[in-house]
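Observations on chain architecture
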Amino acid sequence: MKNNLKRETRAGKGSGGEVVVLSSVRLAAPGRPAGNGGRRADPSPAGGAVRAAARSSANAIPGAAAEGQRRPAVRRSLKAAAKDRARRQSRRFPLEKVVKESQKWLDIISKADKLSPAKKKMVVKETVKSFGTYFNSGFLDYRKSVAEAEQYAAIEWTGQGSYIEDIMGRQYIDCLGGFGIYSAGIRHPKIVEAVRKQLERMPLSSQELLDPLRGALAEILGEIAPGNLQKSFFINNGTDAVEGAMKLARLYTQKSGFISTIRGFHGKSYGSLSLMGKAEFRVAFEPLLQDVYFVEFGDADEVEWQLKKARDVGLEIAAVVAEPIQGEAGAIVPPDDYWPRLREICDEYDCLLIADEVQTGMGRTGKLWGVDHWNVIPDIMCLGKALGGGVMPLSAFVSTPEIWKVLEDNPFLHSSTFGGNPLACAAGIAAINVTLSEDLPGQAAETGEYLIAGLKEIQSRFPDQMVDVRGRGLLIGVEFVSTDFGYSVASGLFRRGVLVAGTLLNAKTIRFEPALSIPKSTVDEVLSHLDDTMRSLT
């Protein structure tokens, strides 16, 4: 839209004063008549000019034009003055101290394996202080690494494979896996080396030259994605992938609504949060997107009923969004006919099917993709977590060439500064290589069966406390009789050197998500510690 705003000046009557005159403004596009969204500014009584100098004679100071005076500023209230003082008094460090403090941490990073005991204790103390003062003190209340770590809070420092070591040298078996990012284990040598080599050459994209690793990763991913899914967009977090999938679905279908599932977890940015099936995350940010409808996970009949109602009353649904297996809800596995029926229903009602594989993808459930358990091909698939190999943040949404066409006329319609950067793509290429060459999905299937059998054996001896054991591959949930008891189990395992966690705000169900290559001997240690914990609590 062309801006025909003209700025004219007229000499004022005072000492060098100037009056700004705004000519009539045409807001319609060039060559088109005003109307249908374009309008002309109403002509002023004084022949088409609006004088912007003084609002009205009632507001003007007598003699102001002649004297060149300005209207005095409104006096600030005491409340506004106090707020201003508080803002200006917030700086705590002079810049010289900031430089010194940052250098101190750079030295700690460069000498991480040579810190004295005193220096390690200083790191522990300052980490707790900085979390409380500068980050979010609420984390200190939720983290077992603070509440259950006895004398010194557990500050993560290094790790390898299935083990994490804190700064004081305490070692933990990692059965949490960063909520699923460490499918290939911590610091897998091949993935770390790929990122290191790329870092030595080019860390981020120029945004103008074509970056080869983005193209290479897109090709590799397109060749292993289900069915005719072929084209990818890379970003950083799972929620970014879901946001992109939502935009793509709306753009392709020209429809606005979505159907999601109760207790489903799809991320916490605005669009993906709108798909969130948990009130505790949604309520504080309402109103969210209004054309999202929720159904029970695993109930295909309810999805069909919702789509039928929407069609009958003229509501337009762009897509049905679901996780193959609900992860944050506690490893909820749907009935075997659920995903095949979703595919049929979406085809029948002419809407897209989006599979959120952020947590289930890359072999976690014993198949390369969660939907492979039911031989279903979605229209759009969201990936994240393990796609970066546990070394770099990397996520993606993948779709068919037909759907992708709507993004190709203007490729900047959806873009990202850091998404698909060379370091992340190097990690993604290496992660896929490791996943396939080491058969991580196969290992997850075999070890998952072994772990689930061991957990069920313990459940048989503590049936009143362990309510359920469920999952696929190495995405496993153990449900306890209450949230308090579940937290006690997680805390007991932490004190025995095993990292597990409940869902983000509820410990009634504890998730086990270890590296897919975790040795069975290490699984035996975990089961032994769980058995010991259960006996201590009952």
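What comes next is a walk through the structure. In this numbering scheme, every chain counts its residues from 1 along its sequence in written order. In keeping with the predicted nature of the model, local features appear solely for residues at pLDDT of at least 70, side-chain atom pairs appear and are counted solely at 80 or more, and the whole-chain, interface and lining totals rest on all residues. Only hydrogens and water are set aside when side-chain values are computed; all heavy atoms of the structure are taken into account.

**Thoughts on the overall build of the chain**
Working definition: helices are DSSP H or I runs of at least four residues, strands are E runs of at least two. Numbering for both runs from the N terminus. The helix and strand tally for the chain stands at 19 helices and 18 strands. In what follows, residue pairs with any heavy atoms lying within 4.5 Å of each other are defined as contacts. Considering only residue pairs separated by 6 or more positions, the chain has 69% of its internal contacts joining residues 24 or more positions apart. The Shrake-Rupley method, run with a 1.4 Å probe sphere, supplies the accessible areas, and residue values consider only the shown protein chains as cover. Approximately 28,600 Å² of the chain is accessible, and the part contributed by carbon and sulfur atoms is 53%.

**Digging into the pattern of salt bridges**
Salt bridge criterion: a side-chain nitrogen from Lys or Arg within 4 Å of a carboxyl oxygen from Asp or Glu. On inspection of all chains with the given rule, the structure shows 28 salt bridges. Residues R214 and D211 are paired through a salt bridge, measuring 2.8 Å at the closest nitrogen-oxygen approach. Three labels apply to residues, based on accessible area from a 1.4 Å probe with only protein chains included: buried if under 20% of the type maximum, exposed if over 50%, partly exposed otherwise in between. You can call D211 buried: its relative accessible area is 18%. For the salt bridge of R470 with E479, the shortest nitrogen-to-oxygen distance reads 2.8 Å. Assigned by exposure class, R470 and E479 land together as buried.

**So, the side chain of T261**
Summarising the element assignment, T261 is placed in strand β8 (residues 257-261). Among the polar contacts made by the side chain of T261, one reaches the side chain of Q326 at a distance of 3.2 Å. If near-sequence neighbours (up to four positions away) are discounted, T261 is found in contact with G277, F294, V295, F297, V321, A322, Q326 and Y338. Within 3.5 Å is the distance limit for a polar contact, defined as a pair of N or O atoms, with the added protein rule that one can donate a hydrogen and the other accept it, and that residues adjacent in sequence qualify only through two side-chain atoms.

**Structural notes on the packing of helix α3 (residues 95-110) against helix α4 (residues 117-135)**
Contact geometry of α3 with α4 gives a least axis separation of 13 Å together with a crossing angle of 130°. By the angle between their axes, α3 is oblique relative to α4. Pair α3 / α4 crosses with left-handed handedness. Where α3 approaches α4, its residues E101, K104, W105 and I108 are matched on the opposing element by M122, V123, E126 and T127. Angles shown run from 0 to 180 degrees and are taken between the N-to-C directions of axes, each axis being a line fitted to C-alpha atoms and, for helices, limited to the stretch in contact. In what follows, roughly perpendicular refers to angles from 65 to 115 degrees, roughly parallel to angles under 35, roughly antiparallel to angles over 145, and oblique to any angle outside these ranges. The handedness criterion is simple: a crossing whose near helix is rotated anticlockwise from the far helix by less than a right angle is left-handed, and one whose near helix is rotated clockwise is right-handed.

**Some thoughts on the sheet that holds strand β15 (residues 475-480)**
Strand pairing is assigned whenever DSSP detects at least two bridges linking the two strands. Judged by pairing direction, the sheet is antiparallel, and its four strands sit side by side in the order β14-β15-β18-β17 without closing on themselves. On the outer flanks of this sheet lie β14 (466-472) and β17 (501-503), each paired with one strand and no other. The sheet shows a mean angle of 35° between the axes of neighbouring strands, taken without regard to direction. On top of the sheet, helix α17 (residues 440-461) reaches β14, β15 and β18 (506-512); it is set at about 175° to β14, its chief contact.

**Quick notes on the side chain of Q459**
Along the polypeptide, Q459 turns up in helix α17. When its relative accessible area of 16% is taken as the criterion, Q459 is described as buried. Polar side-chain contacts of Q459 include one of 3.3 Å to the backbone oxygen of M466.

**With respect to the packing of aromatic side chains**
Ring geometry is summarised as follows: Phe, Tyr and Trp rings, the Trp one being its six-membered ring, pair when their centres sit within 6.5 Å, and such pairs are stacked at plane angles under 30 degrees, edge-to-face over 60 and tilted between the two. As enumerated under the stated definition, the model contains nine aromatic pairs in all. Ring plane angle 45° and centroid distance 5.9 Å describe the contact between F480 and F485, whose orientation is recorded as tilted. Each member of the pair, F480 together with F485, is buried.

**Some remarks on the sheet that holds strand β16 (residues 498-499)**
One open sheet holds the four strands; their spatial order is β4-β5-β6-β16, and the pairing between them is mixed. At either margin of the open sheet sits one strand with a lone partner, and together these are β4 (156-160) and β16. Examined bridge by bridge, strand β5 (residues 163-166) and strand β6 (residues 171-174) share three bridges and lie antiparallel to one another. For E165, the partnering residue across the bridge sits in β6 and is Q171.

**As for the nonpolar core**
In a soluble, globular protein the nonpolar side chains are often hidden away together inside. To define a nonpolar core, start from buried Ala, Val, Leu, Ile, Met, Phe, Trp, Tyr and Cys residues and group those joined through side-chain atoms within 4.5 Å. Core analysis: the biggest nonpolar cluster contains 85 residues, and L221, L307, W339, W369, L455, F512 and M534 have the highest contact counts within it. The element that contributes the greatest number of residues to this core is helix α16 (residues 422-437), accounting for eight residues. The contacts of L307, once residues within four sequence positions are left out, are I259, I317, V320, I345, Y349 and C351. Counting residues in each nonpolar core, the second largest holds 23 residues, with A245, A319, L352 and F397 among its members.

**A closer look at the pairing of β8**
For β8, a buried count of five out of five residues is recorded, marking the element as mostly surrounded by other parts of the structure. Going residue by residue along β8, you find G257, I259 and T261 tucked away on one face and F258 and S260 tucked away on the opposite face as well. When β8 meets strand β10 (residues 317-322), the two strands line up parallel, connected through three bridges. Residue pairing across strands places G257 opposite I317, the latter belonging to β10.

**A short note on helix α8 (residues 189-201)**
Expected span of a helix: the number of residues minus one, times 1.5 Å. The first and last C-alpha atoms of α8 sit 19 Å apart over 13 residues, in line with the 18 Å expected at 1.5 Å per residue. Every buried residue belonging to α8 is among I191, V192, V195 and Q198, and all of these are buried. Down the axis, α8 shows its buried residues gathered within 135° of arc, on one side only. Relative to its buried face, α8 has exposed residues pointing more than 90 degrees away, namely P189, E200 and R201. Close packing links the buried residues of α8 with α9 (212-224) and α16. Working note: the arc is built from the helix axis to C-beta atom directions.

**Side note on the environment of E156**
Structurally, the position occupied by E156 is in strand β4. E156 gets classed as exposed once you look at its relative accessible area, which sits at 66%. For the pair E156 and I167, spaced 11 residues apart in sequence, the C-alpha separation works out to 6.2 Å.

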